[in-house]
Structures are given as structure tokens and as C-alpha cells.
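Spelled out, the chains give:
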Amino acid sequence: MKKLTRLLLIALGTASVLGAAGCATTTTASVATNANWYLSTGFSGIQLTSIEGNEGFCAEELKYSVSLKDDSSTNEYYSVVYDEGSFYTTKFYGVNFDWQGDKVLDEYKTQKTEAVYAFETTLSVSGKYLHKDGGEVAFEDTVSTVCYFKSTAKNLAPVYSQQIMHSTSPASNKPENAEQMTKKYDYSCTTYYDEACANATVIYDDLNGDGDKTFTVNNLDQTLYSLFDNASVIIAMRSLDTNAESFAKLISTFIPVENGASTYGISKASSGTLGEGDEGIKNALVEAGYVTADAEVAFNRLNTALQEDMQGGTRSYWYASVSDQSANLCRSTLLKMATPLSFGLGTLEYELEEVVSVLGAGV
């Protein structure tokens with residue numbers, strides 16, 4: 001059950017891994033990060049119009065449709081159906097972070113204020129699980145995350161992270177009846193990092209009152225690979241230069257369980273351009289002013305997998321490719337992603353539906 005809970009945290013945290021070493025660490029294998037969300041990728045700080053409270057401030061807000069891929073289920077005992085209208089949203093912006101504030105534990109407080117990134121996600125899905133012998137379990141789930149991390153100049157080092165989960169998740173491979181199909185999770189999980197990103201304290205609050213706990217993970221500055229918070233994985237991958245044909249990296253992600261960091265493998269699966277079936281994605285980019293209607297939109301598809309037993313399957317992410325570092329029109333936007341559900345219940349697909357607003361008002 002501990003491994004299953006760990007995989008659930010990973011899957012929902014990334015729906016809801018890189019960069020040069022995520023902390024100032026003794027990391028032995030690091031990867032370079034770039035601000036691929038700006039028009040010019042070479043800027044390593046945080047643009048002033050990206051920071052909340054500044055004149056001209058504008059966050060990036062994106063909305064994705066969520067649906068189950070047709071004919072992707074292989075489970076013979078039960079299935080899942082998602083309602084139309086399920087969605088996933090992201091909000092990306094900068095904040096002036098006070099290391100004396102309420103997002104820092106007392107033992108980690110220090111006299112410092114710095115500009116950091118904030119990344120918020122919300123996954124809202126509804127539907128029902130159906131047992132082959134009759135019986136169903138309806139669900140209305142929400143998973144929200146917020147994480148703070150430093151700029152690419154400081155290698156996207158994690159600062160703070162919180163996940164709030166209300167999820168009805170698959171519980172077994174071969175349930176004998178409808179009651180055995182699912183398990184309900186209701187909790188909040190908050191991770192506080194120290195300024196050096198060497199230690200993290202996790203506060204787990206079971207919202208059903210079934211067991212709260214607090215624990216600290218030390219020596220995060222000694223991970224083998226670049227370290228990032230699990231909730232920032234989508235932005236971390238966005239920062240990579242993935243144009244090389246044989247791109248493949250290992251990174252560490254902090255998952256809020258007691259042994260902390262896990263190793264992810266990231267590899268480039270393919271590259272191409274948007275085509276038939278991608279009209280909605282292309283239209284969202286056109287409406288945002290990123291491209292014209294007759295322009296081609298190139299992408300790189302990345303696959304990620306946990307490098308441990310019980311991997312939980314391979315997840316895929318399609319990012320707009322960076323063709324010109326000084327005129328990065330599509331800003332390496334996440335165009336779509338595909339995440340496998342547990343126990344062969346199918347693949348959940350996310351597709352860009354709307355660019356609500358552009359980070360930094362288009363800088």
C-alpha cells in the first residue's frame with residue numbers, strides 16, 4: 001500500500017521529471033535549465049511583469065480538456081467512464097517570497113526576500129467506475145497543487161509545495177464486486193524546504209481524521225541527480241533543451257513520503273508537428289497570438305518513468321519545441337499529455353484547450 005500511495009502522489013501531482021542541480025548540492029549528474037516560457041530563453045531571472053504585484057503583471061494561465069483515450073483499457077473486471085467537462089488548469093507566475101513568512105517553518109526562517117516562481121494546478125474530473133458484474137461507484141474528484149521554486153539562475157530549486165487531494169482511485173486489479181473497486185483519498189500534504197534545499201519537512205493532514213503525521217527528510221543536497229519537487233515536474237521538463245535526437249536524462253524528484261527523493265528517467269520519444277486531430281490545440285495557440293493559422297507547430301514528445309519497481313507506467317508529454325531562442329513564439333507550452341491509470345484501466349489524455357493569459361504579458 002505504501003508503494004501504491006507513492007505512485008498516486010506522483011501521478012496526481014504531475015497531472016494536478018530537469019535542470020541543472022535543483023539545489024546548491026553535491027549532485028553528481030545535473031542538467032541545464034532554461035527559461036523556455038519566455039520569448040527569449042536566455043533570461044535566467046524572473047521578468048518583472050511576471051511577478052505578482054508589479055506594474056503590468058500577468059500570469060500564464062492554461063486550460064486543458066481531460067478524457068479517457070478510446071479503447072485504452074485492458075482490465076476485464078471493471079472500467080471507468082469520465083464525464084464531459086472534466087478539466088485541468090495551470091497558473092504560472094512569480095512572487096516575492098519572504099523567508100520569514102507563513103510558507104517557511106520556524107526552524108527554516110531566515111532574513112531574506114527573493115523573487116521565485118509559483119505554479120498552481122487544478123484537476124477536476126467526474127464519472128463512474130463500472131464493475132463487470134454490475135454495480136458502480138460515482139466520483140467527483142479534485143486535486144490541487146501549488147509549489148514555489150527558484151529561477152533558472154538558481155536551478156529551479158524547490159522552496160515550498162502543497163497538494164490537496166480528494167480522489168477516488170482504483171484499489172485493486174481484480175475486484176470481486178463494486179465495493180472493492182476504489183479507495184477514497186482525502187488529505188493535504190505540505191512540504192517546507194530550507195533555503196539551502198538540504199532538508200525538507202512534510203506535514204501530512206488526513207482530512208478524514210485517520211492519521212496525521214510530520215516527518216523530515218535530510219541530505220537532499222546529496223542526491224545523485226538534479227532535485228525538483230514533484231509538483232513542479234511539468235515546468236521542470238519545460239525548461240529542458242530537448243531538440244537533440246537522442247535526449248535522455250535521469251533526475252531526482254522529491255515526493256512527500258518518508259524516503260523522499262525518487263529517480264525519474266526522461267527520454268525523447270519523438271518529434272513532429274501538430275496535424276490531424278490537433279485542431280483544438282492549434283486554435284488555442286492561434287487565439288493566444290503565438291502563431292498564425294497557417295504556421296506549423298513543432299513539438300518534442302517526452303516520456304517519463306519512475307526508475308523503481310512498480311513503476312506505474314510511462315507518462316508522455318508533448319511540448320512545443322524551441323526553434324529560435326530569441327524568438328520563442330510558442331514558449332515551449334505543454335500541448336498535451338497522456339498518463340496511464342492503474343490496473344490497466346486506460347490512459348487519461350489532456351489536451352490544450354485555451355491559453356487564457358500569457359506569462360509577463362508576452363515578454
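Structure: above.
As a starting point, this report considers the structure included with it. Predicted model, so just to flag it, every value in this text is computed and none were measured.

With that settled, the discussion passes to the overall build of the protein. Tallying secondary structure elements over the protein gives 3 helices and 16 strands in all. The burial tally for the protein puts 53% of its 363 residues in the buried class. Accessible area of the protein: about 15,400 Å², with a carbon and sulfur share of 44%.

What follows deals with the nonpolar core. General note: in soluble globular proteins, nonpolar side chains tend to be found buried as a group. Counting residues in hydrophobic clusters, the biggest one holds 79 residues, and the most contacted among them are Trp 37, Ile 234, Leu 285, Leu 335 and Leu 352. Setting aside residues no more than four positions away along its own chain, Leu 285 makes contact with Leu 274, Tyr 290, Val 291, Val 297, Cys 330, Leu 335 and Leu 352. Counting residues in each nonpolar core, the second largest holds 15 residues, with Phe 97, Val 159, Tyr 160 and Tyr 192 among its members.

A positive phi angle, close to 60 degrees, is found at Cys 197, a residue other than glycine. Positionally, Cys 197 belongs in the loop between strand 7 (182-193) and strand 8 (200-206). When its relative accessible area of 1% is taken as the criterion, Cys 197 is described as buried. Despite not being glycine, Phe 343 has its phi angle at roughly 60 degrees, a positive value. The class of Phe 343 is partly exposed, set by a relative accessible area of 26%.

This paragraph deals with the packing of aromatic side chains. One pair of aromatic rings is described through two measures. These are the centre distance and the angle between the planes. Counting across every chain of the model gives 19 aromatic pairs. With 6.1 Å between their ring centres and 85 degrees between their planes, Phe 92 and Phe 119 make a pair best called edge-to-face. You can see Phe 92 sitting in strand 3 (residues 87-98) and its partner Phe 119 sitting in strand 4 (residues 113-131), a full 27 residues away along the chain. Taken individually, Phe 92 and Phe 119 each receive the classification buried, so the pair is uniform in this respect. Of the aromatic side chains, those joined through ring pairs into one cluster are Trp 37, Phe 92, Tyr 117, Phe 119 and Phe 149. Residue placement shows Lys 103 over the ring face of Tyr 160; its charged tip is 5.6 Å from the ring centre. Cation over ring: Lys 183 sits above Tyr 185, and NZ or CZ is 5.6 Å from the ring centre.

Let us now look at the pattern of salt bridges. Under the criterion given, the structure shown has 10 salt bridges. Measuring nitrogen to oxygen at the nearest pair gives 4.0 Å for the salt bridge that ties Lys 103 to Asp 102. Residue class for Lys 103 comes out partly exposed when judged on its relative accessible area of 25%. It is possible to trace a salt-bridge network through shared partners that takes in Lys 112, Glu 114, Lys 150, Lys 154 and Glu 195.

The next thing to look at is the pairing of strand 6 (residues 158-170). For strand 6, the tally of buried residues reaches 10 of 13 residues, placing the bulk of the element in the interior. When strand 5 (residues 136-149) meets strand 6, the two strands line up antiparallel, connected through 8 bridges. Its bridge partner being in strand 6, Val 146 is matched across the sheet by Gln 162. The pairing of strand 6 with strand 7 spans 11 bridges and is antiparallel. Within strand 7, the residue paired with His 166 across the bridge is Asp 186.

Structurally, Val 291 is set in the loop between helix 3 (279-287) and strand 13 (298-306). Taking the relative accessible area as the measure of exposure, Val 291 reaches 13% and is therefore buried. In this structure, the C-alpha to C-alpha distance between Val 291 and Cys 330, residues 39 residues apart in sequence, is 7.3 Å.

Among the residues of helix 3, those classed as buried are Ile 281, Lys 282, Ala 284 and Leu 285. Taken around the axis of helix 3, the buried residues stretch over an arc of 155 degrees, which confines them to a single face. Summarising the contacts, the buried residues of helix 3 are in contact with strand 15 (334-340) and strand 16 (347-357). Of the residues one or two after helix 3, Gly 289 is the one with positive phi, at around 85 degrees.

Reading the values: rules and limits
Residues numbered from 1 in each chain as written. Predicted model: local features only at pLDDT ≥ 70, side-chain atom pairs only at ≥ 80, totals over all residues. Heavy atoms only, no water. Helix = DSSP H or I, 4+ residues; strand = E, 2+ residues; numbered from the N terminus. Buried < 20%, exposed > 50% of the residue type's maximum accessible area, 1.4 Å probe, protein only. Areas by Shrake-Rupley, 256 points an atom, 1.4 Å probe, with all protein chains shown as cover. Core = buried A, V, L, I, M, F, W, Y, C linked by side-chain atoms within 4.5 Å. Contact = heavy atoms within 4.5 Å. Phe/Tyr/Trp six-rings, centres within 6.5 Å; stacked < 30°, edge-to-face > 60°. Lys NZ or Arg CZ within 6 Å of the ring centre and 35° of its normal. Salt bridge = Lys/Arg side-chain N within 4 Å of Asp/Glu carboxyl O. Pairing = 2+ DSSP bridges. Arc of directions from axis to C-beta.

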